[in-house]
Amino acid sequence: MPIHSRNTLRRALQLTSALVRPSIAALCVAPLCVAPLATSAARAQTVPELPTVVVRSDAPSSTVRGAADGPFTPADTATISGEEAQGATLSTSDSGSLISRIPGGAAWGAGGVSSLPAVNGMGADRVQVSINGMLFGVACPNEMNPPMSFINPAMIAGARVYMGTAPVSVGGDYTGAKVDVSVAPAQFTPGQALTTHGSVSGFYRSNGDGYGMDANVTVSNEDTSVTYTGGWARASDYTAGDGTTIKSTMYETQNHALSVSKKLQDQLFTFQIGGQFIPSEGYVNQYMDLVDNKSIYGNARYEGLFDWGKLEATVFANRVRHTMGFIEPDKSGDMPMDTRTTDLGYAVKGTFGVSAHDIVRLGNELYYNNLDDWWPPVEGSMMMGPDTFININNGQRLRLGTFGEWERHIDDKWTAVFGLRNDIVWMNTGDVQGYNEMMYGQNAALFNAQDHARTDFNVDASAILRYEANTSSLYELGLARKTRSPNFYERYAWSTNAMAMSMIGWFGDGNGYVGNLDLVPEAAHTVSFTATWHDPAKKVWELRVSPYYSYVVDYIDADRCALSTCPNLPSNLTTTNNFVYLQFANHDAWLYGVNIDGKLALWDDVAYGQGAFRGSLNFVQGQRTDGVNLYHMMPLNGVVAIDHTLGHWSSSLELQLVSSKTLVSQVRNELETSAYALLNFRTSYELDMVKVDFGVDNIFDTNYDLPLGGANLVNYQVASMMGSSAAWGYPVAGMGRSFNTRVTVRF
Ligand SMILES: [Cu+2]
């Protein structure tokens, strides 16, 4: 019989300062358990762990803590632990790409540190990312600065990815998945004396000559914790397996966060400030590059235990300033484009233990996003002058979300969670203008003559039924409706000028886009089923199968632009082998798929150490009801790996298999890609306070194209009126072999 009285809550909160992981895991059997903090001390324990993402089916990650953490974790939830994120830094500085390591996860290629996460076929804005409870609005017409670009992988203390039927308390205004990332959580240490611990590491990757460093330091005692975490990374253009240098893939980035936490009996207060600076980041699948991105943010969080339950509150503010241009020598010319965004918000959640069987959660959140997007005139240019092009003028998006959720522990086998949620989204924007009256005046006048204010009244619901048959099997059924309102560009991008349209779009497909004031929110109706089987101790084997089906009413996709002012009419409507011009449009669509993952201990021997098999298989398909395939569906893919630990050594050999992509979006002239297999190896040796990592990615230097990499707009050019322009038909090749090393010193 579950116990979730004040005592359990109190113990759970007190355990936020615990250092020993097993007792934490044990506590999380209770329904009101609080996912505890990762501590460096816990990290430093040389517990032999698989070096890559291991998904725990029914227990919350032991390393996640964020204000938005819900105590009920559906069986299909994926976690990325701090160790796993740290480990990934050997190969990548792109936090968004970590999502491709979870079941059903993938990443849309963008800049070197700006991949857009996708889960179960839903990508970009359909996956909502919160970092310590903060949300980041769309801040660029190419989404060059997605939320996860504001942190380096090594800053991630833990992340939890909730799938499409997650409880409504997880969040609103997304249809695909919700990623909750925790950065610099409180780490208390016993006693009043202050202790200092942390780590510094540096890395080098041969392909693209990438290097950088990460640092984190915590000063703490039993009730105070001050943590700095941050890092810096840079790389040149990488080389594909056939020796081709993939242009416009260089980057440089630095991210920082400083967190102060104070515990007062049953109350926990945390204040955090942070910021980012990207001086340059190339985009091979966009016409523009990022030439300056600065952000600063602050958030405050509160958690308190009371007789009635638990209260959590967050308030946050972000400011992002972003500039695009061309990075020589791969792209040249002059065309500045600027954006400025402000995010403000709060979230309040109460968790009430109303009986021995029932938990009720009530919450309210407000999120405000403001966007200005303007393109200064280019001196001497007839097309791009004499005025400033105003793309989005004081765009405003305000969302008020409210939910109620009931979790009932029917008996020791059955658990049910029901929730209902409302999000009201108010959007508006001011009048616009083009570079000049002659080329842009007609479009601007038409847009300005219309009312831009839109209000969406969105209703979400979720129902989850869990059956824990015994200590080694669990079955869970999830049903949900999740709604997402359009973003600024989907609604308000207004120009049908060919050049202006080509500047809009985060799809990396080389096509041009224009907004649609008539768009309505998309609503995904998802059913999912998850079965997990494992040995009672979860030490020997684990298998999870998770099929799902979504019917999305008014899925926000695109149609060929047929407005009388659209470019290249009438051929734009029928072209199958060139870039095209599109307008955002609602269409009903379905997606379905299955994710399978598992592991199996192979040997455990004094002389040969421990060996384990790990594998996963992901399948997804998506199509509109009019027969058009959805864009960027990851083809069938999987991983088989052997992980080995022996004393201070841990190693892993991993084979990544991806089949060909032949179901492609006809309206976008999406490119097909071929099947490929990559073999990766990594090993690490840890002794006292020093850890050395070494790995080889893509051992056979295989040449392959990224299925979700979009179009290579830089390497391949054709002669055109403008001198030269991107040739259609070339996907973006993935990285060839890379030798990677990393040295970490703990203190
Ligand atoms: Cu941009």
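Here is what the cut-offs are and how they apply
Residues numbered from 1 in each chain as written. Predicted model: local features only at pLDDT ≥ 70, side-chain atom pairs only at ≥ 80, totals over all residues. Heavy atoms only, no water. Helix = DSSP H or I, 4+ residues; strand = E, 2+ residues; numbered from the N terminus. Rg over C-alpha atoms; globule rule 2.2 N^0.38 Å. Buried < 20%, exposed > 50% of the residue type's maximum accessible area, 1.4 Å probe, protein only. Contact = heavy atoms within 4.5 Å. Areas by Shrake-Rupley, 256 points an atom, 1.4 Å probe, with all protein chains shown as cover. Lys, Arg positive; Asp, Glu negative; His and termini not counted. Charge placed at Lys NZ, Arg CZ, Asp CG, Glu CD. Donors = N, O, S within 2.8 Å, 3.2 Å for Na, K, Ca; no water. Pairing = 2+ DSSP bridges. pLDDT = per-residue confidence, 0-100. Phe/Tyr/Trp six-rings, centres within 6.5 Å; stacked < 30°, edge-to-face > 60°. Lys NZ or Arg CZ within 6 Å of the ring centre and 35° of its normal. Core = buried A, V, L, I, M, F, W, Y, C linked by side-chain atoms within 4.5 Å. Salt bridge = Lys/Arg side-chain N within 4 Å of Asp/Glu carboxyl O. Disulfide = S-S within 2.5 Å. Patch = residues over 30% accessible without salt bridge, like charges linked within 9 Å, V, L, I, M, F, W, Y side chains within 5 Å. Expected span 1.5 Å × (residues − 1). Polar contact = N/O pair within 3.5 Å; in protein donor to acceptor, adjacent residues only side chain to side chain.

Draft legend 1. Seen up close, the overall build of the protein. Tallying secondary structure elements over the protein gives seven helices and 33 strands in all. Relative to the 2.2 N^0.38 estimate, which gives 27 Å for 747 residues, the radius of gyration of the protein is 25 Å and therefore close to what a compact globule would have. Within the span of the protein, comprising 747 residues, buried residues form 61% of the whole. Considering only contacts in the protein between residues 6 or more positions apart, those separated by 24 or more positions represent 70%. When the accessible surface of the protein is totalled, it reaches about 26700 Å², and 62% of it is carbon and sulfur. Positive and negative charge centroids in the protein, built from 50 and 72 side chains respectively, lie 6 Å apart.

Draft legend 2. Inspection of the coordination of the copper ion at higher detail. Protein coordination at the copper ion: the donors are Cys140 (SG), Met144 (SD), His322 (NE2) and Met324 (SD), at 2.0 to 2.7 Å from the metal. Mapped onto the sequence, the residues coordinating the copper ion show the spacing C-x3-M-x177-H-x1-M. Note that Cys140 is positioned in the loop between strand S6 (134-135) and strand S7 (156-162) and His322 in strand S15 (residues 309-325), a separation of 182 residues in sequence. Just as Cys140 is buried, His322 falls in that class too.

Draft legend 3. Molecular detail of the sheet that holds strand S8 (residues 177-183). Reading across from one edge, S1-S7-S8-S5-S6 is the order of the five strands in this open sheet, with mixed pairing throughout. With one partner strand each, in any of the chains shown, strand S1 (78-81) and S6 form the two edges of the open sheet. Here strand S5 (residues 127-131) runs beside S6; their pairing, made up of two bridges, is antiparallel. Across the sheet, residue Ser130 finds its bridge partner in S6, namely Leu135.

Draft legend 4. Geometry of the confidence of the model for the protein. The share of residues in the protein with pLDDT of 70 or more is 90%, and the mean pLDDT across the chain is 90. A low-confidence stretch, residues 1-69 (pLDDT under 50), is modelled with 176 contacts involving residues beyond four sequence positions or located in other chains.

Draft legend 5. Just the packing of aromatic side chains, in detail. The final tally for this structure, using the stated rule, is 31 aromatic pairs. Joined through ring pairs, the aromatic side chains of Trp108, Tyr489, Trp506, Phe507, Tyr513, Phe584 and Tyr631 make up one cluster. Stacked on the ring of Phe507, the Lys or Arg Arg668 has its end atom at 4.5 Å from the ring centre.

Draft legend 6. Spatial organisation of the nonpolar core. Formed by 61 residues in total, the largest nonpolar core has its most connected members in Trp108, Met335, Trp375, Tyr435 and Trp506. If we ignore the near neighbours within four places in the chain, the residues touching Trp375 are Met335, Pro336, Met337, Asp338, Thr388, Phe389, Asn391, Tyr435, Ala500, Met503 and Ile504.

Draft legend 7. Structural context of the sheet that holds strand S2 (residues 105-108). Pairing in this open sheet of three strands is antiparallel, and the strands run S2-S3-S4 from one edge to the other. Edge positions in the sheet fall to S2 and strand S4 (122-123), since each of these pairs with one other strand and no more.

Draft legend 8. Here's a closer look at the pattern of salt bridges. Applying the stated criterion across every chain yields a total of 34 salt bridges. The residue Asp372 makes a salt bridge to Arg340 at a minimum N-O spacing of 3.5 Å. Separated by 32 residues along the polypeptide, Asp372 in strand S17 (residues 358-375) and Arg340 in strand S16 (residues 337-353) bring together distant segments of the chain. Exposure remark for Arg340: the relative accessible area of 30% places this residue in the partly exposed category. Among the ionic pairs, Glu405 bridges to Arg361, the shortest N-O distance being 2.7 Å. Residue Glu405 is located in strand S18 (residues 389-409), and its partner Arg361 is located in strand S17; the two are separated by 44 residues in the primary sequence. Since its relative accessible area comes to 0%, Arg361 is described here as buried. One salt-bridge network, in which partners are shared between bridges, spans Asp173, Glu365, Arg397, Arg399, Arg421 and Asp423.

Draft legend 9. Structural detail: unusual backbone geometry. In this structure, the amide linkage connecting Glu328 to the following residue, Pro329, adopts the cis form with an omega of 0°. Tracing the backbone through its elements, the reader meets Pro329 in the loop between S15 and S16. Cis peptide bonds are those with omega within 30 degrees of zero, and the linkage from Leu569 to Pro570 qualifies with 0°. Relative to the helices and strands, Pro570 is located in the loop between strand S24 (541-560) and strand S25 (581-605). Positive phi, normally seen in glycine, also occurs at Asn568, with a value near 55°. Phi is positive for Asn669, which is not a glycine, with a value near 50°. Along the polypeptide, Asn669 turns up in the loop between strand S28 (649-658) and strand S29 (676-687).

Draft legend 10. Here's a closer look at the environment of Asp387. Along the chain, Asp387 turns up in the loop between S17 and S18. Sequence-wise, Asp387 and Pro377 are ten residues apart; in three dimensions their C-alpha atoms are separated by 5.6 Å. Sequence-distant contacts of Asp387, that is, excluding residues within four places in its chain, are made with Pro377, Gln433, Gly434, Tyr435 and Asn436.

Draft legend 11. Fine view of the side chain of Thr229. Along the chain, Thr229 falls in strand S11 (residues 224-235). Classification of Thr229 as buried rests on a relative accessible area of 4%.

Draft legend 12. The environment of Thr702, seen in detail. Note on placement: Thr702 falls in the loop between strand S30 (690-697) and strand S31 (717-720). Considering only alpha carbons, one finds Thr702 and Leu678, 24 residues apart in sequence, at a separation of 6.9 Å. Beyond its immediate sequence surroundings of up to four residues, Thr702 is in contact with Gly241, Ala677 and Leu678.

Draft legend 13. Geometry of the state of the cysteines. Taken as a whole and judged by the stated rule, the model has one disulfide. The residue that forms a disulfide with Cys561 is Cys566, at a sulfur-sulfur distance of 1.7 Å. A residue is classified by how much of its surface remains accessible, and Cys561, at 0% relative accessible area, is buried. Exposure remark for Cys566: the relative accessible area of 6% places this residue in the buried category.

Draft legend 14. Fine view of the pairing of S8. When you tally the buried positions in S8, you get seven out of seven residues, the bulk of the element. Alignment of S5 against S8, held across five bridges, turns out to be parallel. Within the sheet, the bridge partner assigned to Val129 lies in S8 and is Val179.

Draft legend 15. Structural view of a nonpolar patch on the surface. Residues Val540, Trp541, Leu543, Leu600, Leu602, Trp603, Tyr608, Phe613, Val640, Ile642, Leu653 and Leu657 make up a contiguous nonpolar surface patch of about 1000 Å² in total accessible area. Mapped onto the nonpolar patch, the elements with two or more residues apiece are S24, S25, strand S27 (637-646) and S28. Sorting elements by how many residues they give to the nonpolar patch places S25 first, with three residues. If you trace the backbone, Phe613 turns up in strand S26 (residues 609-624). According to the relative accessible area criterion, Phe613 is partly exposed, its value standing at 30%.

Draft legend 16. Representation of helix H5 (residues 437-448) within the structure. Helix length check: H5 (twelve residues) gives 14 Å between terminal C-alpha atoms against 16 Å at 1.5 Å per residue, more than 12% under. Regarding H5, the residues found buried are Tyr440, Gly441, Asn443, Ala444 and Phe447. Check the buried side of H5 and you find it contacts S18, helix H6 (488-492) and helix H7 (498-502). The opening residue of H5 is Asn436, an N-cap whose side-chain oxygen sits 3.4 Å from the backbone nitrogen of Met438.

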